[in-house]
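# Structural description and commentary
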Amino acid sequence: MKEIVTLQIGDFANFIGSHFWNFQDELLGLAGDPNADSVFKSPDLNMDVLYRSGETQGINTYTPRLVSINLRGSLGSMSSRGTLYKEVSPTTCVTWTGRVSTESSQTHKRNLFLQRLNEEEENMSLANEISGTDNGSQSEYQDNDIVECLENGVKFWTDYSKVHYHPQSLHELNGIWTDAEEFDNYGIGRESFAWASQGEEISDRLRFFVEECDNIQGFQFVVDDSGGFSAVAAEFLENIADEYPNTPVLLYAVQGSSSHKSLSRKHTISAELHDAVSFSRLSSFCKLIVPVGLPTLSKSKASKFLHIEDEKHYHSSAVYAAALHSISLPFRMAPVGPATDACSVYGAVNFHEVIQMLSGQGRQNMVSVLDVAMPLLALTGGQNELSLIGNLHPLTPQIAEDVEDMQAIEHIAVHGAFASEGHRASVCKVKDTVDAAFQRANTRPMFCHLAVAPCPLPIPLPFPSIFANQVGRHGELIGGQMSSTSSKGSLDIHSIPMAARLRSSSAVLPLLESKLRNLNRFGTARGASGAELLRSWGFGKEELEEMGEMLSKMVAALSPPQFSSDSD
């Protein structure tokens, strides 16, 4: 088995991670439910790739192989030791007679969803002690009330997390009590976080999970790239590069919609320089970086069948988490032979293979675009206006559309697809559909790797109500006009078919050119208005020149060749 260790750094990254782990928890529950659809019981999807087994007070536990980092006070009602162990009250020190200064944060109460989770676990534990069976008691908290509570009251990523975390997983940065909105640039992250004082504890947490792995395939990094957490992540990544030089890192640099708001010129310059510096620093320590996060997800093509409220991280993070779940499925598939109708999964790959595929061929570029189809339309039928490929839309910002790139490389994951209404598609049907789509397309990638799984994306109770009224219970499209106001959630939608794609393509050129242009214009050009700001962030001339050179190489790798017009 090849294990994956996941790292979530920053508030929005943990919002995404909370949804991501809820999907995994729901899959585990459905796989063990004798009454659940058999499509959720594939033996060829190995959850041990993401999870570790353990034992707590004689009870077997199964927790994510995860290290989460955030500001102090960001866990809401959850303890930094998770929920597996009871809190131990510190003993009172009676030998100190001097003055004592205490810093504390407000205690947050559990919302209805967390109260019901706790109630169900207590009832199950009591029933097992008494008879070894479920006592069948009914909760006083109704599903409708819980959905409404979440839609209107989520403040922390823990407010909708239904997963048990290991005590080594959740780390709050010591000594950083600043408001998240003020922790908004690379400089403040660099100033506030010192690896020398906190790094060893974080390294120990990571080492705990890595040393349990038999054959780690890589680190899955999700980094909040909108503020100071990117500086924290860069320090962490640099340490990982030294300690685990042969372990690949796949990094998702994520930003929430609210981070792209109207700013004064001073703040605009700071934000543009942050984005350029952060991208350059993060990409220098990973094998493949995937920028994720649209300025207005609600207005994007990816939200055609979704109702997103951009100001709610609870909404947008659910979409990004679904895409990360889909694209990561092939990393935990069991390898099988050639595709036939009897195959349950097809196209298993590991981190190293995907990274080599996307960044190690041809142009040697390390930046990839993430696309998604949510939900994926049926492969055949009158309601399908586009091909499977045509339904994939970018979640990466500043992407050029309709680019003809003969050197593009793609990795596509499709799961839970319908061949037609009510009928799941076989592996061969999906393969034939993708091949046919490329045959009809004006251009096709130089190489495309396809992975297929039968298991759709399950929609757990704490998932937000973001589906349009045209989406049916299993993600199929149903008749009727799309309403701009009504939406469906977990009480109406059980699961949806999904497709996601990573592609190495010149479509990402506008994003790279923008970062290079802003670094030069605001930071390194003579008389640049942001030069002093960069110096206050601790960057010298040589370091900035290296960043510019790195971005220039990325742009050059994807730019079309220039032919001379001179004649003999």
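Here's a quick rundown of the structure. On a predicted model such as this, the values are computed, not experimentally measured, just so you know.

Attention now moves to the overall build of the protein. The number of helices and strands found in the protein is 13 helices and 19 strands. Buried residues in the protein amount to 54% of all 568 residues. For the protein, the proportion of contacts with a sequence separation of at least 24, taken over those separated by at least 6, is 81%.

Pairing in this open sheet of 6 strands is parallel, and the strands run β5-β4-β1-β6-β7-β8 from one edge to the other. Here the strands that pair on one side only, and so sit at the sheet edges, are β5 (170–173) and β8 (288–292). On average, each strand axis in the sheet is inclined to that of its neighbour by 15°, with strand direction left out of account. As judged from the 5 bridges shared by strand β7 (residues 249–254) and β8, these two strands associate in the parallel manner. What sits directly across from Val-254, in β8, is Val-292. Strands β6 (218–224), β7 and β8 of the sheet are contacted by helix α7 (residues 265–283), whose axis makes an angle of about 150° with β8.

Our next topic: the pairing of strand β19 (residues 498–504). For a regular strand, the rule is simple: side chains alternate between the two faces of the sheet. Most of β19 is tucked away, with 7 of its 7 residues classed as buried. A two-sided burial pattern is seen for β19, the buried positions comprising Met-498, Ala-500, Leu-502 and Ser-504 on one face and Ala-499, Arg-501 and Arg-503 on the other. Direction of pairing for strand β11 (residues 409–415) relative to β19: antiparallel, over a ladder of 7 bridges. Its bridge partner being in β19, His-411 is matched across the sheet by Leu-502.

Bringing the packing of aromatic side chains into the picture now. Per the stated rule, a full pass over the model turns up 15 aromatic pairs. Each ring, one from Phe-15 and one from Tyr-160, has its centre 6.0 Å from the other, and the planes form 55°; the classification is tilted. Note that Phe-15 is positioned in helix α1 (residues 11–31) and Tyr-160 in the loop between α3 (143–153) and β5, a separation of 145 residues in sequence. Here Tyr-160 falls in the buried class, since its relative accessible area comes to 0%.

At the junction of Met-374 and Pro-375, the peptide bond is cis and its omega measures out at -5° in the coordinates. Inspection of the secondary structure puts Pro-375 in the loop between β9 (369–373) and β10 (393–394). We note that Gln-398 has phi near 55°; this positive angle belongs to a residue other than glycine. Among the structural elements, Gln-398 can be located in the loop between β10 and β11. Phi is positive for Asp-402, which is not a glycine, with a value near 55°.

Thresholds applied
Residues numbered from 1 in each chain as written. Predicted model: local features only at pLDDT ≥ 70, side-chain atom pairs only at ≥ 80, totals over all residues. Heavy atoms only, no water. Helix = DSSP H or I, 4+ residues; strand = E, 2+ residues; numbered from the N terminus. Buried < 20%, exposed > 50% of the residue type's maximum accessible area, 1.4 Å probe, protein only. Contact = heavy atoms within 4.5 Å. Pairing = 2+ DSSP bridges. Axes fitted to C-alpha atoms, helices over the stretch in contact; angles between N-to-C directions. Phe/Tyr/Trp six-rings, centres within 6.5 Å; stacked < 30°, edge-to-face > 60°.

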